[in-house]
There are 2 protein chains.
Amino acid sequence: MNSLAEENYLKALFTLAAKNNGEVSVNDLSRHLDIKMPTVNSMMKKLTTKKLVYYESYKPLKLTEKGKKEAALIIRKHRLTEMYLVEKMNFGWEQVHEIAEQIEHIKSPEFFAKMDELLGYPQIDPHGSPIPDKNGKMIWKEYKKLSECTKGSLVKIAAVINTSNDFLKFLNEKEIHLGLKMKIKSIEPFDKSVIVSYPKHASETLSPTVSERLLVEKV
Amino acid sequence: MNSLAEENYLKALFTLAAKNNGEVSVNDLSRHLDIKMPTVNSMMKKLTTKKLVYYESYKPLKLTEKGKKEAALIIRKHRLTEMYLVEKMNFGWEQVHEIAEQIEHIKSPEFFAKMDELLGYPQIDPHGSPIPDKNGKMIWKEYKKLSECTKGSLVKIAAVINTSNDFLKFLNEKEIHLGLKMKIKSIEPFDKSVIVSYPKHASETLSPTVSERLLVEKV
DNA sequence: CTAATATGTTAGATTTATCTAACAATTATA
DNA sequence: TATAATTGTTAGATAAATCTAACATATTAG
Ligand SMILES: [Mn+2]
Ligand SMILES: [Mn+2]
Ligand SMILES: [Mn+2]
Ligand SMILES: [Mn+2]
């Protein structure tokens, strides 16, 4: 059984690896978790003896297959929890991450199985991220960034990335949510702002900071 | 902020104190928590510096007012969780204690406030124990043990005490649950077994082991 | 009332997860 | 390529929560 600390390292390794083809540096982990490098270094040695991480001095860190699976199962619990909090407890999508960060460590397969069942076996979390299955398999659909779409296209919001509290609250104010269909009216040539329209909002200008964080699918 | 370990000691102190007019011994705590006496001893010193426990060498342990309140608030979270698991997630009353033992330590006032709201501000948990209010105030209604009732009386099951898994499963088999009304048909003079009747059960014999663990109110 | 038993305390060790300081290797820059 | 900056490692310290062994006090029984 992994400790709470070990679980957080596994999750961080998994998340950071996704951004850098499977390889993570001690420094990345250190900054991501706000834990000093020597601490990370010794934890990596420990996870290596547990066959969860592959580590050699001065080389990039990699999760083993076992490590990947265990990490994915924690992410599964995190995302199921977020979905449960939004769907069954009426929390806003900007409120659930902190709570899920704690509940993901609860040791009770029955508890998460029940959430899964009550939610009808959801495939995505409230931010559009895929929920890994019971074997730790996770599939990202092929979404496109809103910033990469062309004028005139009709798109549907599928996921948000870099889901900070402030960003989600901004989206709430603009009434932008998953599933929302919007039309791209034009793209400002100067700064690449995207001008869109959607129900109750005839014209909204979204800066690149925003449009790069919105993943969409074509309608 | 108290650690998980500290919270479990506070809760144990509160629970054991209820059985012994506010005083708890190091030995009681040690056995209850399955933690050796020297460990308990040093934790009591720590909780004393935090003004949660009143401790003097060789004297019984007592929670301070602050300690009592903090303990009651953890018990509040435990019981709200149990109620939520039974009412909203369809767990059996014998399944919820272990999960609540973990969730009671979640740091999120909003999470428990939401449970409370969704449950309609319940006063008791699934075993009939009172849920302390937001100020840590808890009131036990004046129930009587089934074993103390007289022949011919009509009673309603109000709470169960010493709620072990096996006992709750036994009650499930006998279809005995909170709110059930039963009539005391007779009391066996030899061993004080109570013979009762209730819907679908014309005659059930309950041993003292059982009838002493069932709290009832008169109908 | 003494002796045995039970309960409580002190001292010191261990495990886990963290840190700082010092040093070493790698990578980037001039 | 030599030097500087960044990244990584080692060594040793610290805090929390636990333990065992030894000793001290209190309670119980004869
Ligand atoms: Mn999250
Ligand atoms: Mn976490
Ligand atoms: Mn319980
Ligand atoms: Mn607990």
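Just so we're clear, the structure is a prediction, and the values are computed from it rather than from any experiment.

All names here are of chain A. Bound to the manganese ion (ligand 2) are the protein donor atoms N8 (OD1), E101 (O), E101 (OE), E104 (OE) and H105 (NE2), situated 2.1 to 2.7 Å from the metal. Sequence spacing among the residues donating to the manganese ion (ligand 2) works out to N-x92-E-x2-E-H. Of this pair, N8 sits in helix α1 (residues 4–18) while H105 sits in the loop between α5 (96–103) and α6 (109–119), and the two are 97 residues apart along the sequence.

Before going further, it helps to examine the environment of H78(A). All names here are of chain A. The topology assignment puts H78 in helix α4 (residues 65–89). Accessibility expressed as a relative area gives 7% for H78, which makes it buried. Sequence separation between H78 and A5 is 73 residues; the distance between their C-alpha atoms is 15 Å. The contact partners of H78, leaving out residues within four places of it in the chain, are K11, H97, A100, E101 and E104. Within polar-contact distance, the side chain of H78 engages the side chain of E82 at 2.8 Å. Looking at H78, its side chain comes within polar contact range of the side chain of H97, at 3.2 Å.

Turning our attention to the environment of P122(B). All names here are of chain B. Among the secondary structure elements, P122 is positioned in the loop between α6 (109–119) and β3 (144–145). For P122, a relative accessible area of 15% puts it in the buried group. Leave out the neighbours within four places in its chain, and P122 touches L80, M83, D116 and I131.

Right, let's talk about the protein's contact with DNA strand D for a bit. Every one of the 21 residues lining DNA strand D counts as a neighbour, but N27(A), N41(A), K45(A), S3(B) and K46(B) are closest to it. Counting only atoms of DNA strand D within 4 Å of the protein, the sugar-phosphate share comes to 71%. Contact distances for DNA strand D include 2.4 Å between a phosphate oxygen and a side-chain N or O atom of K45(A). Contacts to DNA strand D include T39(B), whose side-chain N or O atom sits 3.0 Å from a phosphate oxygen. Here the surface near DNA strand D takes 5 residues from helix α3 (residues 37–49) of chain B, the largest share from any one element.

What counts as what
- Chains are numbered independently. Their residues run from 1 in the order of the written sequence.
- Naming scheme: in the order in which they are written, chains are lettered from A and ligands are numbered from 1.
- Two thresholds apply to this predicted model, a pLDDT of at least 70 for residue-level local features and 80 or more for giving and counting side-chain atom pairs, whereas whole-chain, interface and lining totals are computed over all residues.
- Side-chain measures were taken over the full set of non-hydrogen atoms in the model, leaving aside hydrogen atoms and water.
- The donor set covers N, O and S atoms within 2.8 Å of the metal, switching to 3.2 Å for Na, K and Ca, and it leaves out water, so a site may look short of donors.
- Under the scheme used here, helices are H or I runs from DSSP no shorter than 4 residues and strands are E runs no shorter than 2 residues, and both carry numbers assigned from the N terminus.
- The buried label applies to any residue whose accessible area, calculated with a 1.4 Å probe on protein chains only, is under 20% of its type's maximum; exposed applies above 50%, and partly exposed to all values in between.
- Residues count as neighbours in contact if any of their non-hydrogen atoms are within 4.5 Å of one another.
- N or O atoms within 3.5 Å of each other form a polar contact, as long as, within protein, one can give a hydrogen and the other can take it, and as long as residues adjacent in sequence are counted only when both atoms are side-chain atoms.
- We call a residue near a molecule or strand whenever a single non-hydrogen atom of that residue lies within 4 Å of it.

Interpretation in functional terms is not warranted from these geometric data alone.
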